[in-house]
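Understanding the architecture of this molecule
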Amino acid sequence: IYYSLAKRLGQDQPVTSLQLFDPAVGLDTMPKTIEEIASQYVKLIQRVQPRGPYLLMGWCVAGALAFEVARQLQSGGQAVDNLYLMDAWVPNYLERLSPLRRLVNERSLRLQYVVEDFRKKLSAGKSVREFIVNRMFYKRLLRLIRGGAGSEPLALGREASARAEPAGYDMWLLDYLQDLSARYEPKPYDGRITLFRSRREPTGYWFDPLAGWGAFALQGVRLHMVDGDHFSMFQEPGASQMAARIVAGE
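Keep in mind it's a predicted model, so treat the numbers as computed, not measured. (Residues numbered from 1 in each chain as written. Predicted model: local features only at pLDDT ≥ 70, side-chain atom pairs only at ≥ 80, totals over all residues. Heavy atoms only, no water.)

Things to note about a nonpolar patch on the surface
Residues L100, Y205 and W206 make up a contiguous nonpolar surface patch of about 370 Å² in total accessible area. If you trace the backbone, L100 turns up in helix α4 (residues 99-123). Its relative accessible area of 53% is what places L100 among the exposed residues. (Patch = residues over 30% accessible without salt bridge, like charges linked within 9 Å, V, L, I, M, F, W, Y side chains within 5 Å. Areas by Shrake-Rupley, 256 points an atom, 1.4 Å probe, with all protein chains shown as cover. Salt bridge = Lys/Arg side-chain N within 4 Å of Asp/Glu carboxyl O. Helix = DSSP H or I, 4+ residues; strand = E, 2+ residues; numbered from the N terminus. Buried < 20%, exposed > 50% of the residue type's maximum accessible area, 1.4 Å probe, protein only.)

Structure representation (structure tokens):
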């Protein structure tokens, strides 16, 4: 997902993509908290680059993980120059709202997801049946934003078959990170966040432009809107828009 963006950062800005999760490892042996995952990522990062300053990126549910990695690196005396989050909402965003705001935001968000997904499927020549089937991904994203309410438990018996194909592994990993993020409570981070939000990603009404991160980033959150949706923001022109901000240190 970061390939096009990385190419546009220039030869003097290397990018390392980290993958800690081995598809062959059983769920029962994997980390049980975001903090534990982040700790393992910190060790992996420092094998590649022992000392800061660091620039970190996190997209979607991995935004919470990148946030915790930045916090742990900083707690260990390392400098984190910036933390870039892409379409990442603070965990349990809706649960942090007042009851009225939560109700309005959640209902309007559901409607916006349905309308946007329906528009995409029909524009791509998909049938209504395919539209209904493929809404599962958006349901999972919504469960994450709501704080995991109503989510199904991870099915250990199905994990091997679910991870047999790349698409199935992506969904399995999303469920795994979503389950942990729903139980993660961020601690204050004495640093700055740059938040990239796609213009076409549904947010619902009364949405906080900073996606809830302002309460946790002690040096503030800088917001940049990017053309595209949750996925196409990493294509053109979104990739160049984000690259320009990163190169400029924004």
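That shown, we press on.
A word on the nonpolar core
F21, L56, V69, L83, M86 and W213 are the most contacted members of the largest nonpolar core, which has 58 residues in total. Setting aside its immediate chain neighbours within four residues, F21 contacts M30, I37, Y41, Y169, L173, Y176 and L177. (Core = buried A, V, L, I, M, F, W, Y, C linked by side-chain atoms within 4.5 Å. Contact = heavy atoms within 4.5 Å.)

Looking at the packing of aromatic side chains
The full count for this structure, using the stated rule, is seven aromatic pairs. A centroid spacing of 5.6 Å and a plane angle of 85° characterise the contact between Y2 and F234, whose relative ring orientation is edge-to-face. Remark: F234 occurs in the loop between β4 (221-226) and α9 (238-247) and Y2 occurs in the segment before α1 (3-7); sequence separation between them is 232 residues. Taking the centre distance of 5.6 Å and the plane angle of 80° together, the rings of W59 and F234 count as edge-to-face. Highlighted residues: W59 in strand β1 (residues 54-59) and F234 in the loop between β4 and α9, separated in sequence by 175 residues. W59 gets classed as buried once you look at its relative accessible area, which sits at 18%. Through a chain of ring-to-ring contacts, three or more aromatic side chains come together here, namely Y2, W59, F231 and F234. (Phe/Tyr/Trp six-rings, centres within 6.5 Å; stacked < 30°, edge-to-face > 60°.)

Worth remembering: the numbers are spatial, not functional.
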